[in-house]
Amino acid sequence: MNRRRFRAALLLATALALGAASCGIQPASAGRGPGTIMIDTANYPSTLDPGKQYDTDTYSVYRNIFDQLLRRNPKTNAVVPWLATKWRQTDPRTWHFTMRPGVTFSDGSPLTAEDAAYSISRILDKKFGSQQYANFSVIDKATAAGGDLVVHTSVPSPTLLSYLTTLSVVPKAYVQRVGDKQFAVKPIGSGPFVLQSATAGSEVVLTANPKWWGPPTQIRTAVFRAVPNVASRVADLQSRKVDLATTLTPDAADQIRRDPTLAILSTPTERVAYLAYNTIKGGATNDPRVRKAIAEAIDYDALIKNLQRGYAKPINSMATPLAFGYDKSLPDNHHDPENAKRLLQEAHAVGAKLVMATSPSFDPQVVQAIQGDLAAVGLQVEIQNSDQATYLKKVQDPSHEWGSIRFGKWSCSCLDSDGVIYPLFHTGEIWSSYSNPDFDKIVEQARETIDPAQRTKLYSQAFELLNRDLPGIGLFQAYAVYGANSRLQWTPDASESLFLDQMKVS
């Protein structure tokens with residue numbers, strides 16, 4: 001390069017740098033282009049098959065590849081049309097959904113009512129082993145009739161529409177041709193994005209689907225990076241390596257708030273932070289007195305005020321006030337370490353060793369604080385922290401060999417107590433390590449009762465039983481806490497939907 005050409009190149013580079021700076025874009029992010037977003041999440045998706053897991057870091061990715069049958073209005077939480085443009089009931093147990101015409105999967109094949117029916121039937125097939133089975137088990141069968149999806153429920157269902165907001169529609173012909181294993185790593189959907197690449201355990205890259213039926217998305221490329229360490233997610237945001245970091249702790253939020261070019265995006269959610277007991281093979285926690293002692297050993301106010309610092313609210317049960325059936329009349333959680341010690345003595349459990357399962361998705365400070373509270377009353381707690389996929393596999397195993405207590409955060413994206421206490425505690429559900437025929441009978445009746453007042457009474461009875469037996473403790477209503485840079489325009493919602501078509505980056 002001669003001197004004149006070198007000078008011209010240098011002037012051009014300087015001009016570009018000044019232009020970026022004048023727009024408030026830091027060099028690292030400026031190199032990404034206006035349509036690219038980088039997102040740090042706590043975990044790599046446990047699958048890209050929407051019929052399987054539905055933990056946050058997993059569905060945050062696959063719900064952009066697949067369209068859902070219905071969606072929620074992010075401001076009002078009302079159920080709104082999506083793939084189904086309208087619906088009607090022809091009798092109390094039969095629903096007709098009119099499918100949106102002209103929708104195709106990303107390979108160009110048409111999306112039909114047959115695909116929607118297959119997506120439901122697949123989840124209901126027990127051989128498939130869907131972790132979403134409990135949410136859809138009220139459905140007796142799903143069929144296609146012309147352009148309509150017809151859903152028959154075994155009983156009148158007050159929650160069907162809520163659960164159908166979480167149903168991603170998969171291509172029947174493609175899944176049957178390639179098989180479940182191949183589909184889970186090379187999915188094809190009709191959603192606004194398609195899978196460009198996936199590096200196992202590291203990152204997933206999505207690009208805009210040119211065949212999507214909706215309006216063109218402003219974001220054209222999205223990179224989801226698995227970064228389990230929260231400090232690393234904050235560092236990535238501060239260095240402009242990423243535009244959005246999810247699952248932040250209050251400490252991380254404080255760090256981000258000190259940077260004037262970054263912002264905290266947060267909202268109360270229907271997600272409940274909880275402890276679940278293993279009441280079947282938990283060792284000491286098989287004894288309800290030990291479970292009661294643990295519940296009274298926990299300093300709930302300290303968890304909320306000292307650790308969550310404005311990003312949580314007290315609750316009195318396993319649901320949040322956003323869920324139908326939340327009973328405000330129940331007593332608040334009670335902190336009484338002296339009574340906890342007395343209960344442990346009665347149960348001959350002083351000094352008992354407990355294994356506590358958790359994952360990087362959950363705030364380690366909260367887990368350690370609970371460990372400290374339990375140590376203070378005479379319990380030894382070993383924390384076993386495994387990656388999210390391993391954690392899910394372990395606690396969902398029917399052997400119930402996962403330890404004594406586990407920390408978790410639960411959201412059904414359905415705003416209904418049915419989606420919380422049924423899958424977590426009904427006998428035989430994959431999340432449940434508890435069995436009580438009386439509880440089973442009540443929640444089964446509640447999910448087939450249309451009258452809201454009667455349903456409310458049933459859930460009051462169910463929560464009273466849970467408060468007596470204590471197969472789990474609701475610790476607090478969690479807030480979604482994200483860190484973002486100034487490139488991103490987005491408002492989080494109570495269902496923690498991470499829909500890229502609702503985002504814009506400069």
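Residues numbered from 1 in each chain as written. Predicted model: local features only at pLDDT ≥ 70, side-chain atom pairs only at ≥ 80, totals over all residues. Heavy atoms only, no water.

The cut-off we apply is this: UniProt positions are given in the numbering used here, feature names are shortened, and annotations may be inferred rather than shown by experiment.
Where an unreviewed UniProt entry is consulted, the chain appears under the name ABC transporter substrate-binding protein, with the organism given as Amycolatopsis carbonis. Under the UniProt heading Sequence similarities (unreviewed entry), the entry covering the chain gives this text: "Belongs to the bacterial solute-binding protein 5 family."

## Describing the UniProt feature "domain: Solute-binding protein family" (unreviewed entry) in the chain
To keep it simple, the criterion reads: Secondary structure is summarised from DSSP: a helix means a run of H or I of at least four residues, a strand means a run of E of at least two, and numbering begins at the N terminus for each.
UniProt annotation of "domain: Solute-binding protein family" (unreviewed entry) refers to residues 79-429 when read in the numbering used here. Helix and strand shares over residues 79-429 are 31% and 25% respectively, and the end C-alpha atoms of the span are 26 Å apart.

## A short note on the layout of surface pockets
Applied cut-off: Of the grid points, spaced at 1 Å and generated over the protein atoms alone, those admitting a 1.4 Å probe that cannot get out make up cavities, while open sets with protein on both sides within 12 Å along at least five of seven lines make up pockets; any residue with an atom within 4 Å of a point is treated as lining. Grid points are joined across faces, edges and corners, and a volume is the space filled by probe spheres set on the points. Note that Gly is not counted as nonpolar here; it falls among the polar residues with everything else outside the nonpolar set of Ala, Val, Leu, Ile, Met, Phe, Trp, Tyr, Cys and Pro and the charged set of Asp, Glu, Lys and Arg.
Of the volumes computed, that of the largest pocket is approximately 820 Å³. Thr-247, Arg-271, Ser-361, Phe-362 and Lys-409 are the residues nearest the centre of the largest pocket, which is lined by 48 residues in total. Listing elements by their share of the lining of the largest pocket, those giving two or more residues are helix 3 (56-65), helix 9 (230-238), strand 12 (262-277), helix 14 (364-376), strand 15 (380-385), helix 15 (388-395), strand 16 (405-410) and strand 17 (472-485). No other element matches strand 17, which puts five residues into the lining of the largest pocket. For the lining of the largest pocket, the class distribution of residues is 23 nonpolar, 17 polar and eight charged. Its volume calculated, the second largest pocket comes out at about 660 Å³. Around the second largest pocket, the lining is made up of 32 residues, and of these Gly-129, Ser-130, Gln-131, Gln-396 and Ile-430 lie nearest the centre. Those elements giving two or more residues to the lining of the second largest pocket turn out to be helix 5 (133-136), helix 8 (180-185) and helix 15. A per-class count over the lining of the second largest pocket returns twelve nonpolar, eleven polar and nine charged.

## Topic: the pairing of strand 16
Filter applied, for reference: The rule is simple: take the accessible area with a 1.4 Å probe, protein chains only, and divide by the maximum for that residue type; under 20% is buried, over 50% is exposed, in between is partly exposed. Each pair of strands is called paired provided DSSP finds at least two bridges between the two strands.
In terms of burial, strand 16 is largely enclosed, as five of its six residues are buried. Inspection of the sheet shows strand 12 paired to strand 16 by six bridges, in the antiparallel sense. Pairing of Ala-273 across the sheet is with Lys-409, part of strand 16. Judged from the two bridges that link them, strand 14 (residues 353-358) and strand 16 form a sheet pairing that is parallel.

## Some details on helix 14
Applicable threshold: Helix span, expected: 1.5 Å multiplied by one less than the number of residues in the helix. To be clear, the arc concerns the directions from the helix axis to the C-beta atoms.
A rise of 1.5 Å per residue sets the reference length of helix 14, with its 13 residues, at 18 Å; its end C-alpha atoms lie 18 Å apart and thus fit the reference within 8%. Where helix 14 is concerned, the buried positions are Val-366, Val-367, Ile-370, Asp-373 and Leu-374. The arc that holds every buried residue of helix 14, seen down its axis, measures 120°, which confines them to one face. One or two positions beyond helix 14, positive phi appears at Gly-378, with a value near 105°.

## Quick notes on the environment of Asp-243
Which entries qualify depends on this criterion: Counting of polar contacts relies on pairs of N or O atoms within 3.5 Å, with two restrictions inside protein: one atom must be capable of donating a hydrogen and the other of accepting it, and residues adjacent in sequence are counted only when both atoms are side-chain atoms.
By secondary structure assignment, the location of Asp-243 is in the loop between helix 9 and strand 11 (244-245). Taking the C-alpha atoms as reference points, Asp-243 and Tyr-482, 239 residues apart in sequence, are found 10 Å from one another. At a separation of 2.9 Å, a polar atom in the side chain of Asp-243 contacts the side chain of Asn-485. A polar contact is formed between the side chain of Asp-243 and the side chain of Arg-487, at a distance of 2.9 Å.

## Structural notes on the state of the cysteines
Note the cut-off: Sulfur atoms of two cysteines make up a disulfide when they are within 2.5 Å.
Within the structure shown, the criterion is met by one disulfide. For Cys-412, the disulfide goes to Cys-414, at an S-S distance of 2.0 Å. Its S-S torsion of approximately -80° makes the covalent link between Cys-412 and Cys-414 left-handed.

## Concerning the environment of Gly-474
Rule in force here: Any two residues whose heavy atoms approach within 4.5 Å at even a single point are treated as in contact.
Along the chain, Gly-474 falls in strand 17. Taking C-alpha positions, Gly-474 is 9.0 Å from Pro-314, a pair spaced 160 residues apart along the chain. When residues no more than four places from it in sequence are discounted, the contact partners of Gly-474 are Val-272, Ala-273, Tyr-274, Tyr-300, Ile-315, Ser-317, Met-318 and Asn-333.

## Some remarks on unusual backbone geometry
With a phi angle near 45°, Arg-309 is a residue other than glycine that sits in the positive phi range. Following the sequence through the fold, Arg-309 ends up in the loop between helix 12 (300-308) and strand 13 (312-313). Classification of Arg-309 by relative accessible area gives partly exposed; the value is 31%. Look at Leu-470: it is not a glycine, yet its phi comes out positive at around 55°. Structurally, Leu-470 can be placed in the loop between helix 18 (452-469) and strand 17. Taking the relative accessible area as the measure of exposure, Leu-470 reaches 9% and is therefore buried.

## Side note on the nonpolar core
The condition that has to hold: By nonpolar core we mean a set of buried residues, namely Ala, Val, Leu, Ile, Met, Phe, Trp, Tyr and Cys, connected to one another through side-chain atoms within 4.5 Å.
One finds Leu-69, Phe-97, Leu-149, Ile-294, Ile-421 and Leu-475 to be the most contacted residues of the largest nonpolar core, which totals 134 residues. Leave out the neighbours within four places in its chain, and Phe-97 touches Leu-69, Leu-70, Ala-84, Lys-86, Trp-87, Gly-147, Asp-148, Leu-149, Val-151, Leu-160, Leu-161 and Leu-164. Of all hydrophobic cores here, the second largest spans 15 residues; its members include Leu-248, Ala-252, Leu-262 and Tyr-479.

## Let's talk about the side chain of Asp-363
Our working rule: For the purpose of charge, His is not counted, nor are the chain termini; Lys and Arg are scored as positive and Asp and Glu as negative. In what follows, salt bridge is the name for a side-chain nitrogen of Lys or Arg lying within 4 Å of a carboxyl oxygen of Asp or Glu.
When you line up the elements, Asp-363 lands in the loop between strand 14 and helix 14. The charged side chain of Asp-363 is buried without a salt bridge, its nearest counter-charge being Lys-409 at 6.3 Å. From its side chain, Asp-363 meets the backbone nitrogen of Gln-365 in a polar contact 2.9 Å long.

## Some remarks on the pattern of salt bridges
Under the counting rule described, the total for this entry stands at 22 salt bridges. In this structure, Arg-289 and Asp-287 form a salt bridge, with 2.9 Å as the shortest nitrogen-oxygen distance. The exposure class assigned to Arg-289 is partly exposed, which follows from its relative accessible area of 33%. A salt bridge links Arg-468 to Asp-469; the nearest nitrogen and oxygen atoms lie 2.8 Å apart. Residue classification places Asp-469 among the buried positions, given a relative accessible area of 13%. Through salt bridges with shared partners, a single network forms among Asp-40, Arg-225, Asp-236 and Lys-241.

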